[in-house]
Amino acid sequence: GAGVSQTPSNKVTEKGKYVELRCDPISGHTALYWYRQSLGQGPEFLIYFQGTGAADDSGLPNDRFFAVRPEGSVSTLKIQRTERGDSAVYLCASSPTRDNNPGELFFGEGSRLTVL
Amino acid sequence: GNSVTQMEGPVTLSEEAFLTINCTYTATGYPSLFWYVQYPGEGLQLLLKATKADDKGSNKGFEATYRKETTSFHLEKGSVQVSDSAVYFCALSPRRDNTDKLIFGTGTRLQVFP
């Protein structure tokens, strides 16, 4: 596809369950980012991949959150033992390279997670 | 630390009115500054950017000037259209050549009525 694709678009789960959110970046984009956007707030940085490696995971709130990008393309954000406070829209973004057009990220429409 | 503060919305205007959305920032060093826009049902997209002091970013009739002395990056448009209705986010990147952490403001919703 032409843009960043995120699935599922909506996920409702129960407290304590495990959740996976998938991001398919724009083909050829080496940099991939995850952000979290709570209601009424701006996006907050979670983790950044350059290729297959997590170059910066300082935004992950705790060890229940983990993300992978094993082949340098698709990424999965994994949340264990979900809590109600994890409810938010999880945004994925990609960019061609780290140094090209700094700050121009291409965002997906997000995955809305609701933890009951 | 680094942070962005932008005016609360919603901002409600009639078509062809002048728009200003205020944004101020706190940063160490020399950040790059951005405005992103989110149209209904779509993902965030870059509207404009400025990478150094006194630079002016512009796109689709919108403008913003990087003011280091006032640490501001206010978004302006001379004549808004109904199609400009969206949520606008001011953001900064702490290092000019590094895209790994955009820090966003809380967003300002703009509603334009015919």
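Further up the page is the structure itself.
Starting from 1, residues in each chain are numbered consecutively following that chain's sequence as written. Chains carry letters from A onward and ligands carry numbers from 1 onward, assigned in written order. Thresholds applied to this predicted model are a pLDDT of at least 70 for local features of residues and 80 or more for the giving and counting of side-chain atom pairs; totals over whole chains, interfaces and linings are not thresholded and use all residues. The side-chain quantities take in all heavy atoms of the structure and omit both hydrogens and water.

Attention now moves to the packing of aromatic side chains. Ring geometry is summarised as follows: Phe, Tyr and Trp rings, the Trp one being its six-membered ring, pair when their centres sit within 6.5 Å, and such pairs are stacked at plane angles under 30 degrees, edge-to-face over 60 and tilted between the two. Summed over all chains, the structure comprises 10 aromatic pairs over all chains. Between Tyr33(A) and Tyr48(A) the ring centres are 4.8 Å apart and the planes differ by 20°, which places this aromatic pair in the stacked class. Taken together, the residues span a long stretch of sequence, with Tyr33(A) in strand β4 (residues 31-37) and Tyr48(A) in strand β5 (residues 44-50) at a distance of 15 residues. The same class applies to Tyr33(A) as to Tyr48(A), namely buried. Ring geometry for Phe107(A) against Tyr36(B): centres 5.7 Å apart, planes inclined by 85°, an arrangement best described as edge-to-face. Of the two residues, Phe107(A) is situated in strand β10 (residues 106-107) and Tyr36(B) in strand β5 (residues 32-38); the pairing between them involves two chains. Ring-pair connections join several aromatic residues into one group, and the members of that group are Tyr35(A), Phe45(A), Phe107(A), Tyr36(B), Phe89(B) and Phe104(B). Put simply, DSSP marks the helices as runs of H or I at least four residues long and the strands as runs of E at least two long, and each gets a number from the N terminus on. Exposure classes here rest on a 1.4 Å probe applied to the protein chains alone. A residue is buried below 20% of its type maximum, exposed above 50%, and partly exposed in between.

This paragraph deals with the pairing of strand β3 (residues 19-24) of chain A. Residue and element names in this part refer to chain A. Only one face of β3 is buried: it carries Val 19, Leu 21 and Cys 23, and the other face, with Glu 20, Arg 22 and Asp 24, is open. Sheet topology places strand β1 (residues 5-7) next to β3; three bridges connect them, and they run antiparallel. Looking across to β3, one finds that Gln 6 is bridged to Cys 23. Note on pairing: DSSP must find at least two bridges between two strands before they are called paired. As paired elements, β3 and strand β8 (residues 75-79) share five bridges and run antiparallel to each other. Residue pairing in the sheet places Leu 21 in a bridge with Leu 77 of β8.

Before going further, it helps to examine the environment of Thr71(B). Residues and elements named next belong to chain B. For Thr 71, the location among the structural elements is in the loop between β8 (62-65) and β9 (75-77). Assessed through its relative accessible area of 30%, Thr 71 is described here as partly exposed. Each C-alpha atom, one on Thr 71 and one on Tyr 25, is 5.6 Å from the other, the two residues being 46 residues apart in sequence. Setting aside residues up to four positions removed in sequence, Thr 71 forms contacts with Cys 23, Thr 24 and Tyr 25. Contact criterion: two residues are considered in contact whenever any of their non-hydrogen atoms come within 4.5 Å of each other.

Residue and element names in this part refer to chain B. The alternating pattern of strand β2 (residues 11-14) places Val 11 and Leu 13 on a buried face and Thr 12 and Ser 14 on a face that is not buried. The pairing of β2 with strand β12 (residues 108-113) spans four bridges and is classified as parallel. Following the sheet pairing, Ser 14 is matched in β12 by Phe 113.

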